[in-house]
Structure formats: C-alpha cells, structure tokens
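# A structural walkthrough
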Amino acid sequence: MARGTNESAKVRRVRNAILGGLGVVVLAIVGIGLWSTLEPVGEIAPGTHYTVLPEAERPREGPVVVTEYFSYGCVHCANFDPQIEDWREDLPEGVRFERVPVAFSPDWRALAAAYYAAQELGVLERNHARLFDAIHGARLNLTSVDALAQFFDGHGTDAAAFRRALGSPAVRRAVAEAETRTRDADIRSVPTLVVDGRYRIDAAQLSRQQILAVADELVERERAARDAG
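Residues numbered from 1 in each chain as written. Predicted model: local features only at pLDDT ≥ 70, side-chain atom pairs only at ≥ 80, totals over all residues. Heavy atoms only, no water.

Spatial strand order, β1-β5-β4-β2-β3: 5 strands in an open sheet with mixed pairing. Sheet topology places β1 (50–52) and β3 (95–101) at the edges, where each strand pairs with a single neighbour. The mean angle between the axes of side-by-side strands here comes to 20°, regardless of whether they run parallel or antiparallel. Pairing analysis gives 2 bridges linking strand β4 (residues 192–195) to strand β5 (residues 199–201), with the strands arranged antiparallel. (Pairing = 2+ DSSP bridges. Helix = DSSP H or I, 4+ residues; strand = E, 2+ residues; numbered from the N terminus. Axes fitted to C-alpha atoms, helices over the stretch in contact; angles between N-to-C directions.)

See below:
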C-alpha cells in the first residue's frame, strides 16, 4: 500500500513538472508575441526592414503608390485586412493604395481573376470583406467558376454577368499583368507591401503594426523627395 502511495506521489510530481514546464513555454511564446507587437521599429534600414527594388531608379512623379500583394486564399491576408483597411483611410494627400492579387497556385489564380472581375463590374468594394469571410470563416471553396458566380449573384451583379466578366479578355490581361508584377517585385509570400514600386517591406521579423509603421516612413520619404523636386 505504501509503495502504491509513493508511486502515485511520483506520478503527481512528474505530471506537475510537465505541466509547469508547459506553462513556462506558453508564457514565453505569449511574451514573444507581445514583444513583437509592442517593440518599436526604430530607424529603418535596407536589408533589415525593406529591400530596394530595381525600379527605384525611375523618376519620382505622380502619387506615391502603396501596393499590397495578397490573396483571398491567404489566412494571413485575411487577418491583416481589417488593419490595413483602417490604415488606408488615413493616408495623406498624394498617396494612393492598391492591391495586386497573387497567383501562387491554380486556386489562387482563380481568386485573382475573381478580384479583377469584381473590379470590372464595380462590385469589388462591397464584396471584398465578404470573400475573406466566406473563405476563412464559412470555409467555402470559391475556386470554380460556378462557385464564384453563385457567390456574387445578387451582390451588385448576377451570376451570368459575373461569368462573362470572369472570362473576359480584360480580366485575363489583368491577371497576367499581376503575375508579371509579382515576379518583378520578387514577391514570395503574402501579405507584402511595396511602397512606390521602390521598396518591398520585408515582413518576416515584423509585426503587422511594424509593417505599417515602416510603410508610413517610406511613404513620407517619397513624399519629401517629390516635394524637393
């Protein structure tokens, strides 16, 4: 009986040690996440926060354009979207925001075509968040023509019109151009922001807040360069 009691006590000690260790690990992970979110960016530098793209030598003229490379199929893009939507509302005069859908797979290529078809029909804004919610919230598979046409039916357009737009030469050209831009900017993961076609923000070590802080600084740099002539 005493032996059984001792064995039970040993089991409890081992179990408590394991649970305690797991607790430390969880706290460490949470701490790292909080630190990543709260840590200031500091002075930004090429090679650390951003990469200078070959297009950086072109003349500085027109609006400063911030491009988000994304996909509706990307959960990280879905999570980032509310923040970037808030951020874009406060962009200063002379700064324009745009999106370029990537086509890293056939399914993502179908979603890129849906983006441009919705844009062509003038129903993109009202369906942008709906697409993220349907794919990552409701877990709908929206990678076929039929599924996409049904999804957009009654939301600013109808299924037949969306089918026509999806297969139109204009949408095919837009998707091809997006693929070219994705290659030229060497986009390997999403979401990725590119400022003025000159700077690709390297987000691997940055929180979402830090990505936007870097974007703000690069935007101001380009606005100042334009003001200086």
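It is worth spelling out the pairing of strand β2 (residues 64–70) at this point. Counting buried positions along β2 yields 7 of 7 residues, so the element is predominantly enclosed. Neither face of β2 is open: one carries Val64, Val66, Glu68 and Phe70, the other Val65, Thr67 and Tyr69, and all of them are buried. Pairing of β2 with β3, which is carried by 7 bridges, proceeds in the parallel orientation. Bridge pairing in β3 links Phe70 to Pro101. Following the backbone out of β2, through helix α2 (residues 75–89) and into the adjacent parallel β3, one traces a crossover that is right-handed. Where β2 and β4 come together, 4 bridges link them in antiparallel fashion. Bridging from a neighbouring strand, Tyr69 pairs with Thr192 of β4. (Buried < 20%, exposed > 50% of the residue type's maximum accessible area, 1.4 Å probe, protein only. Right-handed = clockwise from strand over helix to strand, strands pointing away.)

What follows concerns the packing of helix α3 (residues 106–121) against helix α6 (residues 159–166). Contact pair α3 / α6: the axes reach a minimum separation of 9 Å and the direction vectors enclose 115°. For the pair α3 and α6, the sense of crossing is right-handed. Of the residues in α6, those touching α3 at Ala113, Ala114, Ala117, Ala118 and Leu121 are Ala161, Phe162, Ala165 and Leu166. (Left-handed = near helix turned anticlockwise from the far one by under 90°. Contact = heavy atoms within 4.5 Å.)

Our focus in this paragraph is helix α5 (residues 145–152). Note on helix geometry: an α-helix contains 3.6 residues per turn, so any two residues three or four positions apart are oriented the same way. Among the residues of α5, Ala147, Leu148, Ala149, Phe151 and Phe152 are the ones counted as buried. Its buried side turned inward, α5 meets α3, α4 (124–137) and α6. Immediately beyond the C-terminal end of α5, within one or two residues, lies Gly154, with a positive phi of roughly 85°.

For the coordinates displayed, the defined rule picks out 16 salt bridges. Here Arg99 makes a salt bridge to Glu85, at a shortest N to O gap of 2.6 Å. One end of the pair, Arg99, is in strand β3; the other, Glu85, is in helix α2, and 14 residues separate them in sequence. On the accessibility criterion, Arg99 (9% relative accessible area) is buried. (Salt bridge = Lys/Arg side-chain N within 4 Å of Asp/Glu carboxyl O.)

In this model, Val190 is joined to Pro191 through a cis peptide bond whose omega is 5°. Its location among the elements puts Pro191 in the loop between α7 (169–184) and β4. Notably, Arg139 is not glycine yet its phi reads approximately 60°, a positive angle. With respect to the helices and strands, the residue Arg139 is situated in the loop between α4 and α5.

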